[in-house]
Amino acid sequence: HIMKEFSGISSLEMELTNKLGIKGCIIVPGNADESEWVKSELGKMGAEQLSKIVQPKQTISVTGGTTIASVAEALPENLKNKELLFVPARGGIGADLQYQANSLCQIMAKKTAGDYMVLYVPDQVTKELYHSFINDSSIREVLLKIKSSDVVIHGIGDAITMAKRRNTSQFEMDILLEQQAVAEAFGYYFDENGKEVNKVNTIGLQLEDLQHIPHIIAIAGGVSKAKAIKAYMKIAPKNTILVTDESAAKLILKG
Ligand code: G3H
């Protein structure tokens, strides 16, 4: 903490918290786009926040992505044997198995000697499939856990990067470009004013579910995500804690 004060990060954290109007901000030095080390630091700080917040036997829902993967890697020893339950906040996206919400829940449960559930659905489904999926009893069970979780740990994506990861059709890609989407979270796309410009049909955590979740930890950093973070934070629940890096923080404060 002394180091933080020397580097001015503490005051940056306060400034950013005030600007975004959320519960708190944690800032790590550097730019996650440029160094894997910074992403690891984001993960460590995210994991530290979780260990401060979480109580034994609580349920934590987790999105996927490379940033949240670094949280899984960094979960500290003191979370062990707390009988935590990790549930995936979304279905599968893209080809990378190691960054799926399902995979991260398994890693987190292993690290903490806790439990986890899996959600075997694609992240994006057609309207017709959506209804049959949510009527399936094992999927329903996971969805109920997600919606009643005590903590959410989630990433924030750059809109176009996430749309590509989802193999979005050209038709929908054009909508995103036309509407100038900059941010993505939980399958929702937002423009820079935080206006929802598109929403994919997903089975998993929905924005409205966040209203009932006591603790929310959002983790995202890097120059490439500054716009996305700023936009999403316009509609983020006030109880959100943001873990980000210096490069993103400075850009958010600039505009
Ligand atoms: O929902 C947002 C994305 O999961 C962010 O993914 O951490 O790999 O950039 P990322």
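Each chain carries its own residue numbering, running from 1 in the written order of its sequence. Where local features are concerned, this predicted model is filtered to residues with pLDDT of at least 70; where side-chain atom pairs are given and counted, the filter is 80 or more; whole-chain, interface and lining totals use all residues. Water and hydrogen atoms were dropped before computing side-chain values, which therefore reflect all heavy atoms in the structure.

Trainee: Describe the packing of helix α4 (residues 66-74) against helix α5 (residues 101-111), with residues and values.
Mentor: When two helices pack together, their arrangement is captured by the angle between the axes and the distance separating the axes. Inter-axis angles, ranging from 0 to 180 degrees, are taken between N-to-C directions of lines fitted to C-alpha atoms, where helices are fitted over the stretch in contact. The way it works is that DSSP assigns letters per residue, a run of H or I at least four long becomes a helix, a run of E at least two long becomes a strand, and they are numbered from the N terminus. One way to put it is that α4 packs onto α5 with a least axis distance of 8 Å and a crossing angle of 15°. In terms of their interaxial angle, α4 and α5 are classed as roughly parallel. Seen from above, α4 lies across α5 with left-handed handedness. Contacts from Ile68, Ala69, Val71, Ala72, Glu73 and Ala74 of α4 reach α5 at Leu104, Ile107, Met108 and Lys111. Split into classes, the residues belonging to the contact of α4 with α5 amount to 8 nonpolar, no polar and 2 charged. We call two directions roughly parallel when the angle between them is under 35 degrees, roughly antiparallel when it is over 145, roughly perpendicular when it lies between 65 and 115, and oblique otherwise. Note on convention: the crossing is left-handed when the near helix lies turned anticlockwise from the far helix by less than a right angle, right-handed when the turn is clockwise. In what follows, residue pairs with any heavy atoms lying within 4.5 Å of each other are defined as contacts. Charged means Asp, Glu, Lys or Arg here, nonpolar means Ala, Val, Leu, Ile, Met, Phe, Trp, Tyr, Cys or Pro, and polar covers whatever is left, Gly included.

Trainee: Outline the pattern of salt bridges, supporting the account with residue identities and numerical values.
Mentor: Here, a salt bridge means any Lys or Arg side-chain nitrogen found within 4 Å of an Asp or Glu carboxyl oxygen. In the structure shown here, the tally under the stated rule is 6 salt bridges. Put simply, arginine 166 and aspartate 123 hold a salt bridge, and the shortest N to O gap is 2.5 Å. Taken as a pair, arginine 166 in the loop between α8 (159-165) and α9 (170-178) and aspartate 123 in the loop between β4 (115-116) and α6 (127-134) lie far apart in primary sequence, 43 residues in all. Exposure class is identical for arginine 166 and aspartate 123. Each is buried. Residues lysine 147 and aspartate 209 are paired through a salt bridge, measuring 3.0 Å at the closest nitrogen-oxygen approach. Taken as a pair, lysine 147 in helix α7 (residues 137-147) and aspartate 209 in the loop between β9 (196-199) and β10 (215-219) lie far apart in primary sequence, 62 residues in all. Residue lysine 147 is classed as partly exposed on the basis of its relative accessible area, which comes to 32%. Between buried and exposed lies partly exposed: a residue is buried under 20% and exposed over 50% of the maximum accessible area for its type, with that area taken using a 1.4 Å probe on protein chains only. By relative accessible area, aspartate 209 is classed as buried at 8%. Connected through shared salt-bridge partners, Asp123, Arg166 and Glu184 make up one network.

Trainee: Describe in detail the site of the ligand, supporting the description with residues and values.
Mentor: In the vicinity of the ligand, the contacting residues are Gly64, Gly65, Thr66, Thr67, Arg90, Gly155, Ile156, Gly157, Met162, Arg165, Glu184 and Lys225. Between the ligand and glycine 64, the relevant distance is 3.3 Å, taken from an oxygen atom to a main-chain nitrogen or oxygen of the residue. Side-chain polar atom of arginine 90 to an oxygen atom of the ligand: 3.1 Å apart, as the coordinates give it. When the ligand is considered free in solution it has 300 Å² of accessible area, and contact with the protein chains removes 96% of it. Only a single heavy atom is needed: when it lies within 4 Å of a molecule or strand, its residue is near that molecule or strand. Two N or O atoms form a polar contact when they lie within 3.5 Å of each other; inside protein one atom must be a possible hydrogen donor and the other a possible acceptor, and for residues adjacent in sequence the pair counts only when both atoms belong to side chains. In these tables, accessible area is a Shrake-Rupley quantity obtained with a 1.4 Å probe, and a residue counts as shielded only by the protein chains included in the view.

Trainee: Can you explain the nonpolar core? Please cite residues and give values.
Mentor: One finds Leu16, Ile156, Phe186, Tyr232, Met233 and Leu242 to be the most contacted residues of the largest nonpolar core, which totals 46 residues. No other element matches the 6 residues that helix α10 (residues 226-233) contributes to this core. Those residues in contact with isoleucine 156 that sit more than four places away from it in its chain are Glu184, Ala218, Ile219, Ala220, Lys225, Ala228, Ile229, Tyr232, Met233 and Leu242. Counting 30 residues, the second largest nonpolar core, distinct from the first, contains Ala32, Val62, Ile68 and Ile219. For this analysis, a nonpolar core means a set of buried residues of the types Ala, Val, Leu, Ile, Met, Phe, Trp, Tyr and Cys, connected via side-chain atoms within 4.5 Å.

Trainee: Give me the lowdown on the packing of aromatic side chains, citing residues and values where you can.
Mentor: In this description, a pair of aromatic rings is defined by centroid distance and the angle of the planes. What counts as a ring pair is set by centres within 6.5 Å for rings of Phe, Tyr and Trp (its six-membered ring), and what kind of pair is set by the plane angle: stacked under 30 degrees, edge-to-face over 60, tilted for all other angles. One pass over the structure, following the stated rule, counts 2 aromatic pairs. Seen from their ring centres, tyrosine 188 and phenylalanine 190 are 6.3 Å apart, and the 15° between their planes marks the pair as stacked. There is no split in this pair, since tyrosine 188 and phenylalanine 190 are both buried. Here the aromatic residues Tyr188, Phe190 and Tyr232 are joined through ring pairs into a cluster of three or more. The rule is short: NZ of Lys or CZ of Arg within 6 Å of the ring centre and within 35 degrees of the ring normal puts a charge over the ring. One Lys or Arg, lysine 199, reaches over the ring of tyrosine 188 and ends 4.6 Å from the middle of that ring.

Trainee: Give a detailed account of unusual backbone geometry, specifying residues and quantitative values.
Mentor: Residues other than glycine seldom take positive phi values, yet alanine 113 does so here, at roughly 50°. Here alanine 113 lies in the loop between α5 and β4. Positioned with a positive phi, asparagine 167 is a non-glycine residue whose angle comes to about 55°.

Trainee: Go over the sheet that holds β10, please, and point to the residues and values.
Mentor: Pairing in this open sheet of 7 strands is parallel, and the strands run β1-β11-β10-β5-β2-β3-β4 from one edge to the other. Taken across any chain shown, the strands that pair with only one partner, and hence form the sheet edges, are β1 (24-28) and β4. Pairing between strands is defined by DSSP: at least two bridges between them are needed. Direction of pairing for β1 relative to strand β11 (residues 240-245): parallel, over a ladder of 5 bridges. Along β11, the bridge assignment pairs cysteine 25 with leucine 242. Relative to the sheet, helix α2 (residues 9-20) contacts β1 and β11, its axis offset from that of β1 by approximately 140°. Together, β2 (59-62), β5 (151-155) and β10 form the strand contacts of α4, whose direction differs from that of β5 by roughly 130°.

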